[in-house]
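Structural overview for review
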Amino acid sequence: MIAFRYGSRVHRIALATPVALLAACAWTGPGAPKPHTPPAPLTTDTVVIDLAPGTTTLAAPLALPAGAREIIVRGHGRATLSGGITIAAPNWRAPDERLAAALPAESLAHVRVLELPAAQLSRWPEGLAGPVHCGHTVPMPVAPTEVFVGGRALTPARWPNEGWATIERIVDPGSVPRNAEPDTPAAQRSTEPARGGTFVPADRSRLARWQRSGDAWMQGYWNWDWSDEQLPVASVDPAAGTVTLAMPHRYGLAQRGRFRITNALGELDSPGECWIDRGSARVVAWLPPGDERAPVTVSMLAEPMIRIPSGPGAPRVTVEGVTFECTRGSAIVGTGVDGATVRDCTFSNVGTRAISLDGARCSVTRCTFTDIGTTGVHLEGGDRATLTPGHHRVEDSTFTRCGRLQRTYAPAIEIAGVGHALIRNEISDLPHIAVIYAGNEHLIEANHVHHVVQETGDAGAICIGRDWTAHGNVLRGNLVHDIPGSDARYQNAFYVDDMASGITLEDNLVVRCNWGMLIGGGRDNVVRRNAFVACGKAIMYDARGVGWMAPHIADPATSTLHRRLAEMPVDREPWRSRYPSLQSYFTDRFGRPVGGVVEGNALLATPLGTIEDRACVTESGTVALPAPAGEGLAAECDRLIRAACTGNVRIGNARLGPVGPARVPPLTPPG
Ligand SMILES: [Ca+2]
């Protein structure tokens, strides 16, 4: 099924049918089906790999032929690349006696068992994978094997079925790895052998069933509201009422923490839960109502589905119109990549990052990301020393339910380096941050972000942190709404955290958020012409550098802020001319938020908030708009959100819109 078009210097390779199972990845391997073996070396300019409608299953990354200047991977119809097993007509059966004895009695009538086909399993030599250690600062390398029914992941059997359980008492917080790190102030630094913590759950009625559930793990916000970590259970002692973890939590366990047990067969007690018996290759599940006959997919592939080539002579790669789903690893990755384009693609039920590229001029356009295990799109590029832009772009794309497995620091979009643009994306339904940016001169404009930071605190929808040299970033014309919270947990729309400096936030509209903008003590941050509607407070511009953070910037040998500033040549060009104020951060009012500007912002049914150091941060031109009474405010919020999504809005001095993906017709690939 290969079509060559030498005349036009285009080489076409067609993966024609869904039964091309595995062939796509086996061009160069032993036993590769002849029809999919590209002639080598290629001397043509462009290779087009046509994916026919239907599912092509990958047991290894899609092989891209060498020698071409350009490769286009093009999907036709609903062409899908899957990294797992598909069972179109599953034969669910009642559990056997041994399994029944391990299940909760109330589940017996509902739980069914599905044997996974050995012939298909054998294609992935690594087999079925169990839970992995992951969380904040422990990026999930590859997700566990998951089971998807009707397109949604089953939940590894857990308790509580919704939300989190609380801790009554800490017996032993365990060791605290964070205290051994080099940026911990010397007075607080300590090193001890790794030791999992022990605690007493507030509800101890289920410890006996946990004790019988081998291979159980616990996922928790064990100490801070923004640091999740999934850790294996070492032991459960029903008599003592204690649980001991097999590994320490980064910050040590705290009584204020919350947790849930997961992958515990004894907790399989509600629709949508499952447990994978890896030893006998069976899925044990209480299926969602009506899903008994739905196709089942099981994620298997640990490697990326497409690895973009790099280096001298590497082809420029375009991926368009392809659906990626059901895989344990990433969909598209590349290091040192120039000019990769991903457009009109769909990513769902991906285990880790959907796209991770480093290099220059890569773009992600009109793509949809749903139920991503960790981060949706991660892009790095550009040179900070010379402020050379990387020119990556993410635009007109939609992100829903990222951070599905790793709950914190797994945003929809993460960018680092210099000079990238995030334009007209819509991001919603996340436990933690929507966008993390680091570096310089990024443009984040006309994005629509809502219902994020749903499970965490001390976090914002769009965040940067702990860098005096973060200059030149512009966040403009974004709409952020519906982030409820409290003063105690300070959820916010825009977070310039831990003295990050040199950032401009302008013409943004913030509706129904706890706090609008939290500027954590940095210098040279400009907050102008934004509008805040029905928020708990508009702005908190604090002075933490002379407060709780003072010990963290007192010693240049341990301070992350000092280290990051020392890494940038701020006294040489182009830094010296472009960001001259950086010359005086240590000599002019060290630690204070010098150069902060709060100007021309509009408040509607929202208090301004707090500016802690008004000698350093100037406030002017704030206007309070008349607020509709009673239910009129809710209607006005809805009206403003709709208006900003569909057209141009002016409220106070802020001008923005339309936000979110441009409504353009979908790609119609050529036949
Ligand atoms: Ca359960």
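Thresholds, definitions, all that
Residues numbered from 1 in each chain as written. Predicted model: local features only at pLDDT ≥ 70, side-chain atom pairs only at ≥ 80, totals over all residues. Pairing = 2+ DSSP bridges. Helix = DSSP H or I, 4+ residues; strand = E, 2+ residues; numbered from the N terminus. Contact = placed C-beta atoms within 7 Å. Core = buried A, V, L, I, M, F, W, Y, C linked by C-beta atoms within 7 Å. Buried ≥ 20, exposed ≤ 12 C-beta atoms within 10 Å, placed from the backbone. Expected span 1.5 Å × (residues − 1). Arc of directions from axis to C-beta. Domains from an automatic or database assignment. Nonpolar A, V, L, I, M, F, W, Y, C, P; charged D, E, K, R; others polar.

**Observations concerning the sheet that holds strand β19 (residues 273-277)**
- One open sheet holds the four strands; their spatial order is β7-β20-β19-β11, and the pairing between them is mixed. Here the strands that pair on one side only, and so sit at the sheet edges, are β7 (112-115) and β11 (155-156).
- In this sheet, strand β20 (residues 282-286) lies alongside β7 in antiparallel orientation, the contact comprising four bridges. By the bridge assignment, glutamate 115 is partnered in β20 with arginine 282.

**Overview of the sheet that holds strand β39 (residues 460-465)**
- In spatial order, the strands read β22-β24-β27-β30-β33-β36-β39-β42-β45-β48-β51; together these 11 strands make up an open sheet with parallel pairing. Among the strands making up the open sheet, the edge pair consists of β22 (306-307) and β51 (609-611).
- Bridge analysis of strand β33 (residues 413-418) against strand β36 (residues 435-440) gives six bridges, and the strand direction is parallel. Residue pairing in the sheet places glycine 417 in a bridge with glycine 439 of β36.

**Thoughts on the environment of alanine 340**
- Looking at the secondary structure, you find alanine 340 in the loop between β24 (332-338) and β25 (341-343).
- Spatially, the C-alpha atom of alanine 340 lies 7.7 Å from that of isoleucine 308, the residues being 32 residues apart in sequence.
- What alanine 340 contacts, discounting residues up to four positions off in sequence, is Ile308, Val317, Gly334, Leu357 and Cys362.

**Some thoughts on the nonpolar core**
- One finds Val147, Ala434, Val435, Ala461 and Leu509 to be the most contacted residues of the largest nonpolar core, which totals 176 residues.
- Not counting residues within four places of it along the chain, the set of residues in contact with valine 435 comprises Pro411, Ala412, Ile413, Leu422, Ile444 and Ile462.

**Quick word on helix α7 (residues 631-646)**
- For α7, which comprises 16 residues, the first-to-last C-alpha distance of 23 Å matches the rise-based estimate of 22 Å (1.5 Å per residue) to within 8%.
- Those residues of α7 that fall on the buried side of the exposure criterion are Leu640, Ile641 and Ala644. Along α7, the residues classed as buried sweep out an arc of 95° about the axis, all on the same side. Relative to its buried face, α7 has exposed residues pointing more than 90 degrees away, namely Glu631, Gly632, Ala635, Arg639 and Arg642.

**Things to note about the domain arrangement of the chain**
- Domain boundaries in the chain define domain 1 (1-83 + 301-423), domain 2 (87-157 + 268-298), domain 3 (159-267) and domain 4 (454-671).
- Taken over C-alpha atoms, the centre of domain 3 sits 34 Å from the centre of domain 4.
- Across the contact, seven residues belong to domain 3 and 11 residues belong to domain 4.
- For the side of domain 3 that touches domain 4, the class distribution of residues is four nonpolar, one polar and two charged.

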